[in-house]
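Results of the structural survey
Residue strings, one per chain:
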Amino acid sequence: MTLQQEIVGNAMQMAVVSLQPGQTVYCEAGKFLFKTTNVTMETRLGGPSGGGGQQSQSGGSGSGGMGGLLRQAMGTAMQAGQRAVTTQGGEGTVGFAGVLPGEMRALELDGTRAWFAEKDAFVAAESTVDFGIAFQGGRTGRSGGEGFVLEKFTGRGTVIIAGAGNFIDLNPADFGGRVEVDTGCVVAFEEGIQYGVQRVGGLNRQGVMNAVFGGEGLSLATLEGNGRVILQSLTIESLANALRKAQGGDKQGPTGGLFSTNAQ
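The following paragraphs examine the structure supplied in this document. Computed from a prediction, not measured in an experiment: that's the story for all the values here.

Spatially, E1-E2-E8-E4 is the arrangement adopted by the four strands of the open sheet, whose pairing is antiparallel. Taken across any chain shown, the strands that pair with only one partner, and hence form the sheet edges, are strand E1 (4-8) and strand E4 (32-35). Mean inter-strand twist for the sheet, computed between neighbouring axes without regard to direction, equals 20°. Here E4 runs beside strand E8 (residues 92-97); their pairing, made up of three bridges, is antiparallel. Among the inter-strand pairings, Phe32 is bridged to a residue of E8, identified as Phe96.

Further remarks concern the pairing of E8. Two faces make up the sheet, and in a regular strand the side chains alternate between them. Among the six residues of E8, five are classified as buried, and the element is accordingly described as predominantly covered. Bridge count for strand E2 (residues 14-19) against E8 is six bridges, and the pairing is antiparallel. Each residue of the ladder has a partner; that of Leu19, found in E8, is Gly92.

The rules we used
- Residues numbered from 1 in each chain as written.
- Predicted model: local features only at pLDDT ≥ 70, side-chain atom pairs only at ≥ 80, totals over all residues.
- Heavy atoms only, no water.
- Pairing = 2+ DSSP bridges.
- Helix = DSSP H or I, 4+ residues; strand = E, 2+ residues; numbered from the N terminus.
- Axes fitted to C-alpha atoms, helices over the stretch in contact; angles between N-to-C directions.
- Buried < 20%, exposed > 50% of the residue type's maximum accessible area, 1.4 Å probe, protein only.

The structure is reproduced here in structure tokens:
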């Protein structure tokens, strides 16, 4: 059964979902807005029906050891924060939204390709969609100086995601097969896209100059392959920096970034 939903609004969008009798959607805590009285809500520890909640790995060096424990802990923490909503007699309505000013997007999974999203993008999904964790902690993450955790969605059905600012859709195949973006700009991408992190220049004078004066930090995300990629125009870090600056809590000199000082 296709999820009936409408994304409304502009600067701060919301998703209004019409649930059919017996239809279940799970969402992340803190992203629920409203519901009709015939929609019930409960907290579930564990993934949705159909095998959701399994932890998987995108790259890395196996599932054992500390890496496996970290994936398990991350998966448990994310699932513990999920809520399941369903109707009890008749059609019901429920509303969801992200936590930052920006866009939302409904992704339709047909069972052939998974979708990966950054760990704050998930809003809600049908119970027929399986939720998992893909922890990239292997060679790619280490070469960039950091690992990263992705949410993985498989199966069939609708997944609703949210991001900050405006969304930009692109395919790396249209740009020579590879694009490099700020690590905070990545919202989601299809299976088949290789996602990694690389340093901006070397650990030398020029590399430090690029990071300090360029404002992008020491790493960039790399996206390679043929498939859909969704980027956001506003990063959480840049929004936080702007708010701190407006409140007088972040006094940056001409070099910014690494040499900023906090006013006491």
